[in-house]
Amino acid sequence: MKTVMANRRWIKDNLDLGTGPVPTDTCTSPELFELERDRIFRRVWLNVGREEDLPEPGSYIVRDLAIAKTSVLLVRGKDSKIRAFYNVCRHRGNRLVNDEKGFCRSRFVCRFHNWSYDTQGALKWISDESNFYDIDKSILGLKPIAADVWEGFIFINLSPHPAETLAQYMAGMVQQIHGYPFDQQRLMSRYRVEERANWKVILDAQNEVYHLPFLHITYPDFCPLNEEKFSRILNFKRFGRHTVYSVECNPDHTMTPVESVAIRVNPRGGEVHPSMIGWFDFYTVFPNFCMLFLAGTYLTYRIWPIEVDRSVWEISLYQPATSKPSERFAQEYGRCRLRDLLQEDASNHEAIQASLNSGALTHFQLQDEEIQIRHFHKEVRRHIFGEQGDARAIAAAK
Amino acid sequence: MNTLLPKEFSALEGFADWALPTSVERNRKRLGSSMDEITALYNALLPRTEEILAYLDQFSLEEMPQDARRLLRLALSLAEISIAVELFHEPTVTGGCDPSRFVVVHEPNP
């Protein structure tokens, strides 16, 4: 194993993150939540899907982003390009598309007065047009939202003038993940978990493996443990706002009988792609998108804030396409075990939020194996308070 | 319909009610069953799992006779319940959240 078991290892390369306790106020303050809305979610690139969600020209999906108070229509145009628009008719603002997803043969038609748009957003028809005054269809197309694709993942940016391109936003990570066979994976499961918890409480709970030997009956010893039986990660890396932490597979981990069968019948399920750093890589793409690579499987999370203490955790599990029944069995085993693991995780989120709401805690205490969380909260605070630091901005927010 | 499972596996016929088509139904049946019922299924299937999978691998997931498909669904129930038997020692996720909080938006087929 390559994992280093030493204590206080990660801070050495990340002194700028500091070692003090981290304030909990962004998880409870409605004022700070409003700052997150304006200074994070309305400004940075947000993942809203994958290319496969829009398989052919005319395919569309609608994403309602409560945090941005915006309904987004994503559509693959006749020219195959993926575009994003406000899901709003330009006439008097009716919601244009009500279905969550579908296929548009030629026109999106507003139910209110039949105004119609093509799949590239152009306004093609105004009912009773000649009864309007000087109306110009050519400038009344659907209002566009910046959209771009990175490694098959569709991102949008709600700023009218994004400060960075998506490529700039993802810089560094491109090289790391490039070559991962996303196109050979297919969506197997998607869950939607609505929780009474701040979005960061949910994300933080996933953004470390310190808790693994304690909380998880499902995977008590899958990651390397030091002599005192505490977990250690293999690597922690920062890419601007984003991070990845990686974990090796503990070769001595206890295998159950059915797990052994699953591995025997589906050896490629355990294969680690060369683009991966460890056996398990957890990327946090700021602010609310996570990619988890776990040997032959990957998962994504989109953790959507609804209110300061209410969020939706969207979990998507991808596994290699297969026609082979024994592989399907092995995949199902892995899928069920992961679902149960996530249900173990979800047991804590609302309890933590309730505690934070009580005011019992003003700061989180974080150790070296939780440096990911330290980085993440620092980024959140940097975005909402600016580089000048917390104190002045907190005072201003109050 | 005289047989539910391929004749090689007729000894498992008593467990055919676990041959459910969707992961949601298999999970629901696990959560609604007693540990005795779950363990009986586990004990009956585990020694034959590799034999079952070798049999199923004669076919592809897309083209499979009905009796083989039922056998596959039974095997997928083993994948589901084995976690209860091997790890939790109870049908539910020990200390886990209410499983109904995980709303299934998309599930595997079969």
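**Considerations on the overall build of chain B**
Regarding its fold elements, chain B presents four helices and one strand. Going residue by residue from the N terminus, the α and β elements of chain B occur as α-α-α-α-β. For chain B, whose C-alpha radius of gyration is 14 Å, the value lies close to the compact-globule estimate of 13 Å for 110 residues. Along the longest, intermediate and shortest principal axes, the C-alpha atoms of chain B span 40 × 30 × 25 Å. Each of the 110 residues in chain B was classed as buried or not, and the buried ones make up 32%. Look at the contacts in chain B between residues 6 or more apart in sequence, and 74% of them connect residues 24 or more apart.

**Comments concerning the domain arrangement of chain A**
Residues and elements named next belong to chain A. Entries for chain A in the domain assignment read domain 1 (10-43 + 173-397) and domain 2 (45-162). Of all the elements in the fold, those that place two or more residues in the side of domain 1 that touches domain 2 are α1 (30-41) and β17 (297-307). With four residues, β17 is the largest single contributor of residues to the side of domain 1 that touches domain 2. Here the residues of the side of domain 1 that touches domain 2 are counted per class, giving eight nonpolar, no polar and four charged.

**Details of the interface of chain B and chain A**
On the side of chain A, 30 residues touch chain B, which itself brings 35 residues to the contact. The set of elements that each furnish at least two residues to the side of chain B that touches chain A consists of α3 (49-56), α4 (66-88) and β1 (103-106) of chain B. For the side of chain B that touches chain A, the class distribution of residues is 21 nonpolar, seven polar and seven charged.

**Thoughts on the sheet that holds strand β5 (residues 82-86) of chain A**
Residue and element names in this part refer to chain A. The seven strands lie next to each other as β2-β11-β10-β5-β4-β3-β6, forming an open sheet whose pairing is antiparallel. Each having just a single partner strand, β2 (45-50) and β6 (101-103) make up the two edges of the open sheet. Neighbouring strand axes in the sheet, compared pairwise and without regard to direction, differ in orientation by 30 degrees on average. In terms of strand pairing, β5 meets strand β10 (residues 144-150) through two bridges, oriented antiparallel. Along β10, the bridge assignment pairs F85 with P144.

**Quick notes on the nonpolar core**
Grouped together as the largest cluster of nonpolar side chains are 87 residues, with contacts concentrated most on L73, L74, F155, I156, I202 and I315 of chain A. Residue-level mapping places this core at the junction of two domains, with at least three residues from each of domain 1 (10-43 + 173-397) and domain 2 (45-162) of chain A. Those residues in contact with L73 of chain A that sit more than four places away from it in its chain are Y60, V62, F85, N87, L96 and V97 of chain A. Judged by nonpolar contacts, the second largest core, of 31 residues, contains V265 and C336 of chain A together with L5 and A84 of chain B.

**Overview of the sheet that holds strand β9 (residues 123-125) of chain A**
Residue and element names in this part refer to chain A. Strand order in the open sheet made by the three strands is β7-β8-β9, with antiparallel pairing throughout. Each of the sheet's edge strands pairs with one partner strand only, and the pair in question is β7 (108-109) and β9. Relative to strand β8 (residues 116-117), β7 is paired through two bridges, and the arrangement is antiparallel. By the bridge assignment, F108 is partnered in β8 with Y117.

**Focus: the pairing of strand β13 (residues 235-239) of chain A**
Residue and element names in this part refer to chain A. Relative to strand β14 (residues 242-247), β13 is paired through five bridges, and the arrangement is antiparallel. Bridge pairing in β14 links F236 to Y245. Between β13 and β14, which pair antiparallel one after the other, the connecting turn spans two residues, and G240 there sits at a positive phi close to 65 degrees.

**Structural notes on the environment of F230 of chain A**
Along the polypeptide, F230 of chain A turns up in the loop between α5 (212-215) and β13. Assessed through the 16 C-beta atoms surrounding it within 10 Å, F230 of chain A is described here as partly exposed.

**A look at unusual backbone geometry**
Residues and elements named next belong to chain A. The omega torsion of the bond from F286 to P287 falls at 5 degrees, within 30 degrees of zero and hence cis. Mapped onto the elements, P287 comes out in the loop between β15 (280-285) and β16 (289-294). We note that D134 has phi near 50 degrees; this positive angle belongs to a residue other than glycine. Residue placement: D134 occurs in the loop between β9 and β10. Classification of D134 by C-beta neighbours within 10 Å gives exposed; the count is 4.

**Description of helix α4 (residues 199-206) of chain A**
Counting buried positions along α4 of chain A yields eight of eight residues, so the element is predominantly enclosed. If you follow the buried residues of α4 of chain A, they end up packed against β12 (185-195), β16, β17, β18 (310-320), α7 (325-358) and α8 (371-385) of chain A.

**Some points on the pairing of β16 of chain A**
All names here are of chain A. Among the six residues that make up β16, five are buried, leaving the element largely enclosed by the rest of the structure. In this structure, β15 lies alongside β16, joined through six bridges in antiparallel fashion. Bridged to F282 within β16 is L292. Taken together, β15 and the strand that follows it, β16, pair antiparallel across an intervening segment of three residues. The pairing of β16 with β17 spans six bridges and is classified as antiparallel. Among the inter-strand pairings, L294 is bridged to a residue of β17, identified as T297. Counted between consecutive antiparallel strands, the loop separating β16 from β17 contains two residues, among which A295 sits at a positive phi close to 45 degrees.

Rules behind the numbers
Residues numbered from 1 in each chain as written. Chains lettered and ligands numbered in written order. Predicted model: local features only at pLDDT ≥ 70, side-chain atom pairs only at ≥ 80, totals over all residues. Helix = DSSP H or I, 4+ residues; strand = E, 2+ residues; numbered from the N terminus. Rg over C-alpha atoms; globule rule 2.2 N^0.38 Å. Buried ≥ 20, exposed ≤ 12 C-beta atoms within 10 Å, placed from the backbone. Contact = placed C-beta atoms within 7 Å. Domains from an automatic or database assignment. Nonpolar A, V, L, I, M, F, W, Y, C, P; charged D, E, K, R; others polar. Pairing = 2+ DSSP bridges. Axes fitted to C-alpha atoms, helices over the stretch in contact; angles between N-to-C directions. Core = buried A, V, L, I, M, F, W, Y, C linked by C-beta atoms within 7 Å.

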